[in-house]
Amino acid sequence: MRWRSLLVLTAAVLVIGTASGTPSLAAPGPRVLRVGTFNGISGQFSTIQAAVNAARPGDWILVGPGDYHEHGTKTDGVLITTPGIHLRGMERNSVIVDGTSASAPRPCASDAKYQILGGRNGIKVFKASDTHVENLTVCNFLTGPNGGGNEIWWNGGDGSGAIGMHSYSGVYLTASTTYTNGFDHPRGEYGIFASNADGPGSISNSYASNMGDAAYYVGACPNCNSKLDHVQAENSALGYSGTNSGGNLLITNSEFDNNKTGLVSNSQNNDDQPSPQNGSCPAGSGPAVPGAVGCTIFANNHIHNNNNANVPGAGMGLAGAAPVGTGVVLAGTEYVTLYANTIENNGAWGALVADLPDQESAPPGFPQCTGGMWDPNSQLCYYQAFGNYVWQNSFQHNGFFGNPSNGDIGLATATHDPGNCFHDNSDPNGLSSDPPNIQSYPYYPCGTPNGGDMGVLAAEALCATQLLAPCPSLPGANYPRPVQVQLSPIPVEPSMTDPCSGVPHSPWCP
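Residues numbered from 1 in each chain as written. Predicted model: local features only at pLDDT ≥ 70, side-chain atom pairs only at ≥ 80, totals over all residues. Heavy atoms only, no water.

**Focus on unusual backbone geometry**
Between H185 and P186 the backbone carries a cis peptide bond, its omega angle lying at -5°. Across the junction of Y441 and P442, the peptide omega takes the value 10°, indicating a cis bond. Following the sequence through the fold, P442 ends up in the loop between β36 (433–434) and α4 (456–464). Although it is not a glycine, D130 sits at a positive phi angle of roughly 55°. Tracing the chain through its elements places D130 in the loop between β9 (121–126) and β10 (131–139). (Helix = DSSP H or I, 4+ residues; strand = E, 2+ residues; numbered from the N terminus.)

**Description of the sheet that holds strand β22 (residues 261–266)**
Strands sit in the order β6-β9-β13-β15-β17-β19-β22-β25-β28-β34-β36 across an open sheet of eleven strands; the sheet is parallel. At either end of the open sheet lies a strand with only one pairing partner, and these are β6 (76–80) and β36. The pairing of strand β25 (residues 326–331) with strand β28 (residues 349–354) spans five bridges and is parallel. Paired with V328 across the strands is A351, a residue of β28. (Pairing = 2+ DSSP bridges.)

**Focus: the pairing of strand β19 (residues 238–243)**
Counting buried positions along β19 yields six of six residues, so the element is predominantly enclosed. Here three bridges tie strand β17 (residues 214–219) to β19, and the two strands are oriented parallel to one another. Bridge pairing in β19 links Y217 to S241. Both β19 and β22 contribute to a ladder of five bridges, which runs parallel. Residue pairing for β22: G242 is matched across the bridge by S265. (Buried < 20%, exposed > 50% of the residue type's maximum accessible area, 1.4 Å probe, protein only.)

**Section: α4**
Burial in α4 covers these residues: L457, E460, A461, C463 and A464. Projected down its long axis, α4 shows its buried positions confined to an angular sector of 160°, all on one face. Of the surrounding elements, those touching the buried residues of α4 are β28, β34 (407–412) and β36. Just past α4, the residue Q466 takes up positive phi, approximately 75°. (Arc of directions from axis to C-beta. Contact = heavy atoms within 4.5 Å.)

**Digging into the state of the cysteines**
Counted under the stated rule, the structure contains six disulfides. Paired through a disulfide, C108 and C139 show a sulfur-sulfur distance of 2.1 Å. Judged by the sign of its S-S torsion, about -95°, the bond between C108 and C139 is left-handed. One end of the pair, C108, is in the loop between β8 (95–98) and β9; the other, C139, is in strand β10, with 31 residues separating them in the sequence. (Disulfide = S-S within 2.5 Å.)

Everything listed here is a matter of geometry and, on its own, says nothing about what the molecule does.
And the structure:
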């Protein structure tokens with residue numbers, strides 16, 4: 001009877017075969033690849049990159065506590081190009097992907113002699129969708145002549161002007177650096193970074209600090225389909241930066257503090273094409289917050305004490321030149337909703353909505369001015385801010401630098417139809433704004449033509465960017481100037497309660 005059983009088995013294999021009739025076995029389930037040691041049990045790999053290289057789509061990579069000085073490529077500590085990988089540390093604060101030399105006496109050493117120069121990224125996911133990075137720390141990956149300095153980066157094709165990646169997620173992540181060359185390079189540039197991806201994307205329960213550009217960045221996605229939730233950004237030039245990022249994009253329940261500028265969304269004529277930023281809802285979708293005018297919504301965040309001029313990158317480039325002392329900047333943006341945030345203790349403005357004459361040039365192969373208005377006199381691409389809705393935010397103690405126009409809300413825009421809208425915002429000491437009475441006609445009801453203060457306010461905003469110092473022609477110019485960079489220590493942050501949650505059976509997760 002054995003020959004008959006063999007025939008039955010052979011027939012079954014053929015039935016499982018491919019549509020073309022080629023015999024194949026059923027695909028194996030996800031594997032668990034283990035790096036280092038956990039609870040006294042050794043894994044199969046000593047480096048994260050070795051496990052990544054061995055992984056197939058759907059596999060899990062678990063990393064035991066340790067200080068991992070990874071060199072996956074010349075420019076990346078860990079490079080992931082296989083989709084569907086789930087990379088998780090077993091303890092957030094003690095699983096460290098460390099950009100310093102292996103000879104460093106401690107993790108994330110701050111001494112200059114232990115830094116690796118030339119420009120490297122920490123963990124880079126390159127055009128690999130459905131990739132998850134969780135429960136670990138990345139530090140001290142620094143800029144060089146040709147880039148680098150991104151601690152964790154989902155890169156769907158930076159500079160291509162096209163979407164090259166879809167879903168991604170990061171949770172319980174820490175991204176920081178303990179070294180910077182003063183305000184200049186080498187330094188950490190971006191903490192947690194997603195570009196050229198259309199989601200769904202999610203970054204949550206994470207912390208980033210000490211960056212010369214932005215602690216968090218989402219860019220080059222007309223419909224980002226992404227959410228940042230319960231994240232904290234501090235001690236960076238920008239807490240959050242979003243260039244040409246619109247459509248379905250939410251930032252909620254997060255904290256932006258002690259940065260030079262807190263939360264910035266902007267249009268820009270640079271390599272993060274296509275511009276402009278447009279928060280309008282894509283066809284077939286509606287706002288996640290009822291009553292919002294679009295689908296790019298920043299809601300229920302705490303944005304405070306963003307007055308720090310002594311951060312990496314201050315005064316250098318467009319990011320470093322954001323206005324010090326400002327909680328939120330909407331620069332050349334369209335249809336962004338700023339809703340139900342607590343915005344306090346920002347010395348210049350709580351929220352500033354402004355047109356943006358972009359100083360950058362389009363990269364080769366792109367139009368001279370995408371999505372803006374070309375000004376032949378200044379040779380700049382001009383982006384108007386319009387359709388933005390600043391609604392039901394709680395302001396307090398903003399504008400204490402005391403310069404003309406400083407206060408809770410500033411609007412520096414040329415007249416546009418529709419204009420920008422301000423409604424139901426409050427300050428216990430009375431809402432301050434330039435123009436005054438900004439919650440009355442023509443700034444509310446929404447949809448009416450209006451413009452802002454393109455005189456004193458626009459000049460003060462330029463002064464606050466540090467591009468002009470000491471701004472002698474202005475009636476007041478009391479804005480902090482960079483003196484000496486002060487990096488904040490990397491804090492101990494909450495780790496995943498159960499790092500084995502959802503993981504297939506393995507010796508570490510029985």
